[in-house]
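# Descriptive analysis of the structure
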Amino acid sequence: MKIEITDQFTADGRAYIEWDLWDGPDGIDHAHGFATDLVQCFSKIFEWRERIAADYVDNTDNETRS
């Protein structure tokens, strides 16, 4: 897993956070987003990690049933 978090600014000077997440086997799954603060940023990253993990669990379950 790799996470990059950077501070960004709008044209009128307002700050926001931009984040990137690479997860899954060899970091092949990528999620990207924006947040207004670090709490929201980490919440979104955790949410995406759960989604990515669920995709792999669902795929594994389907393969074993076949």
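Before any of the text, the structure's been laid out above.
A brief report on the enclosed structure follows. (Residues numbered from 1 in each chain as written. Predicted model: local features only at pLDDT ≥ 70, side-chain atom pairs only at ≥ 80, totals over all residues. Heavy atoms only, no water.)

### Looking at the environment of G27
To keep it simple, the criterion reads: A run of H or I in DSSP becomes a helix once it reaches four residues, and a run of E becomes a strand once it reaches two; helices and strands are each numbered from the N terminus.
Mapping G27 onto the fold places it in the loop between β2 (15–23) and β3 (29–35). Sequence separation between G27 and M1 is 26 residues, and the spatial gap between their C-alpha atoms is 5.9 Å.

### Observations regarding the packing of aromatic side chains
The criterion, for reference: Note on aromatic contacts: the rings of Phe and Tyr and the six-membered ring of Trp form a pair at centre separations within 6.5 Å, being stacked when their planes are under 30 degrees apart, edge-to-face when over 60 apart, and tilted otherwise. Only lysine NZ and arginine CZ atoms are considered, and such an atom sits over a ring when it is within 6 Å of the ring centre and within 35 degrees of the ring normal.
One pass over the full model with this rule turns up 2 aromatic pairs. Lying over the aromatic face of W22, K2 brings its terminal NZ or CZ to 5.4 Å of the ring centre. In this structure, R51 is placed above the aromatic ring of W48, and the distance from its NZ or CZ to the ring centre is 4.6 Å.

### Points about the nonpolar core
One recurring pattern in soluble globular proteins is that nonpolar side chains are buried together. Applicable threshold: Residues grouped as a nonpolar core are buried Ala, Val, Leu, Ile, Met, Phe, Trp, Tyr and Cys residues, joined through side-chain atoms within 4.5 Å. Burial classification: accessible surface area is computed with a 1.4 Å probe over protein chains only, and a residue below 20% of its type maximum counts as buried, one above 50% as exposed, and the rest as partly exposed. Throughout, a residue-residue contact means that at least one pair of heavy atoms, one from each residue, lies within 4.5 Å.
If you look at the biggest cluster of nonpolar residues, it comprises 8 residues: I17, W19, L21, A31, A35, C41, I45 and I52. Where this core is concerned, the elements lending two or more residues are β2, β3 and α1 (38–65). Leave out the neighbours within four places in its chain, and I52 touches L21, D23, G24 and D29.

### Overview of a nonpolar patch on the surface
Quick note on the threshold: A patch is a set of surface residues, each over 30% in relative accessible area and not in a salt bridge, joined within 9 Å for like charges and within 5 Å for the nonpolar side chains Val, Leu, Ile, Met, Phe, Trp and Tyr. Only the protein chains shown count as cover for residues, and all accessible areas are computed by the Shrake-Rupley method using a 1.4 Å probe. One side-chain nitrogen of Lys or Arg within 4 Å of one carboxyl oxygen of Asp or Glu is enough to make a salt bridge.
The grouping of M1, I3, I5, L38, F42 and F46 at the surface amounts to a nonpolar patch, some 570 Å² of accessible area in total. Those elements that place two or more of their residues in the nonpolar patch are β1 (2–9) and α1. If one sorts the elements of the nonpolar patch by residue count, α1 sits on top with 3 residues. Among the secondary structure elements, M1 is positioned in the segment before β1.

### Some remarks on the pattern of salt bridges
Taken as a whole, this structure holds 5 salt bridges when the rule is applied. When the shortest N-O distance is used, the salt bridge between R49 and D23 registers 2.8 Å. Taken as a pair, R49 in helix α1 and D23 in strand β2 lie far apart in primary sequence, 26 residues in all. The residue R51 makes a salt bridge to E47 at a minimum N-O spacing of 2.7 Å. Of the two residues, R51 and E47 both sit in helix α1, 4 residues apart, roughly one turn of that helix. Its relative accessible area of 28% is what places E47 among the partly exposed residues. Within the structure, one salt-bridge network assembled from shared partners comprises K44, E47 and R51.

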